[in-house]
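# A closer look at the structure
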Amino acid sequence: MEIIIVDTEAQASHLGAKIVAQQLMKKPDSVLGLATGSTPLALYNQLIGLYTQKQIDFSRTTSFNLDEYVGLAPSHPSSYNSYMWKNFFNHINIRPHRIHLPDGLAPDIAEHCRQYEGAIKAAGGIDLQVLGIGADGHIGFNEPTSSLASRTRIKTLTLQTRHDNAPNFDLNEQVPHHVITMGVGTILESRICLMLAFGTSKAQAIRDMVEGPISSSVPASALQMHPHTIVIVDETAASALSRRDYYRWVYDNKPKWQQYE
Ligand code: F6R
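Described in the following lines is the structure provided in the data block. Just so it is clear, the model here is predicted, and its values are computed rather than measured.

How each quantity is defined
- Residues numbered from 1 in each chain as written.
- Predicted model: local features only at pLDDT ≥ 70, side-chain atom pairs only at ≥ 80, totals over all residues.
- Heavy atoms only, no water.
- Salt bridge = Lys/Arg side-chain N within 4 Å of Asp/Glu carboxyl O.
- Helix = DSSP H or I, 4+ residues; strand = E, 2+ residues; numbered from the N terminus.
- Buried < 20%, exposed > 50% of the residue type's maximum accessible area, 1.4 Å probe, protein only.
- Pairing = 2+ DSSP bridges.
- Right-handed = clockwise from strand over helix to strand, strands pointing away.

### Some thoughts on the pattern of salt bridges
Within this structure, the stated rule accounts for nine salt bridges. Between Lys254 and Glu2 there is a salt bridge, with the nearest N and O atoms lying 2.5 Å from each other. In this pair, Lys254 sits in the segment after helix 8 (244-252) while Glu2 sits in strand 1 (residues 2-6), placing the two residues 252 residues apart along the sequence. Just as Lys254 is buried, Glu2 falls in that class too. A salt bridge links Arg151 to Glu189; the nearest nitrogen and oxygen atoms lie 2.9 Å apart. Placement of Arg151 in the loop between strand 6 (128-131) and strand 7 (153-156) and of Glu189 in the loop between helix 6 (184-188) and strand 9 (192-197) is noted, with a sequence separation of 38 residues between them. A residue is classified by how much of its surface remains accessible, and Arg151, at 32% relative accessible area, is partly exposed. Residue Glu189 is classed as exposed on the basis of its relative accessible area of 54%. When salt bridges that share partners are traced, they join Lys27, Asp127 and Arg191 into one network.

### Let's talk about the sheet that holds strand 2 (residues 31-34)
In spatial order, the strands read 1-10-9-6-2-3-5; together these seven strands make up an open sheet with parallel pairing. Every interior strand has two partners, whereas the edge strands, strand 1 and strand 5 (99-100), have only one. The pairing of strand 1 with strand 10 (residues 229-234) spans five bridges and is parallel. Residue Ile5 lies in a different strand from strand 10, and its bridge partner there is Val233.

### A look at the pairing of strand 2
The two faces of strand 2 match: Val31 and Gly33 on one face and Leu32 and Leu34 on the other face are all buried. The parallel pair strand 2 and strand 3 (residues 62-65) is bridged by helix 2 (residues 41-52), and the resulting crossover is right-handed. Where strand 2 lies against strand 6, two bridges are found, and the strand directions are parallel. When the bridges of strand 6 are listed, Leu32 appears paired with Leu128.

Structural measurements only, silent on function.
The following block contains the structure:
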């Protein structure tokens, strides 16, 4: 894992966007894995900016989102489908037929999940997966004790995650209990994983993921087995890491050919 500690969320998002942009320049028909939530919002804004300045092009890009709430129509304002269109897809030139999100209304969820896995495979696999992390160490919606070999499937959210996500729902509306999520095993097959995390609420999860034992109690810790994971954190999210100085030193002394900027 490459751990990059920067001062602010804005710097982290700027660097994250640069890494995604480099991927698209190198391979314009890249397959991107995308996350929702508050973490990638500034990253998506940066990418929209680069697209507007004609520095990147999404016309050949394919996307697969990590997860979706079961029971919400794609058009529901709190669905991840709506989130993606509002915050990203409406502002870039990605072709709609290359956009994939799990369908929260799929009548046969198990079959839908199998097809989702098949579509990722048919697209050639995910080149770069954008990730956030839950305060409980989840990636996608693989909550603690998820199998580290899991594939796309239905999961039940923890109380904490439902609480954390409640601000995205109307006051009189319940956060769904169930979600469809790519599995940890699905995520681990992405060629590059790019995780961003900000704020003290993520500090313990980041420490457990990077420096703790690999354990299904912290699904993100499975990324320790991934050959190319980049983690960009602000100072507060990095605050519980015991080897902070070492990670800074490694990043500051990267050979020029390996640098992102
Ligand atoms: C969302 C997702 C989740 C979030 C995580 C952090 O698609 O897969 O794992 O990345 O819950 O959420 P935020 O960014 O809102 O703190």
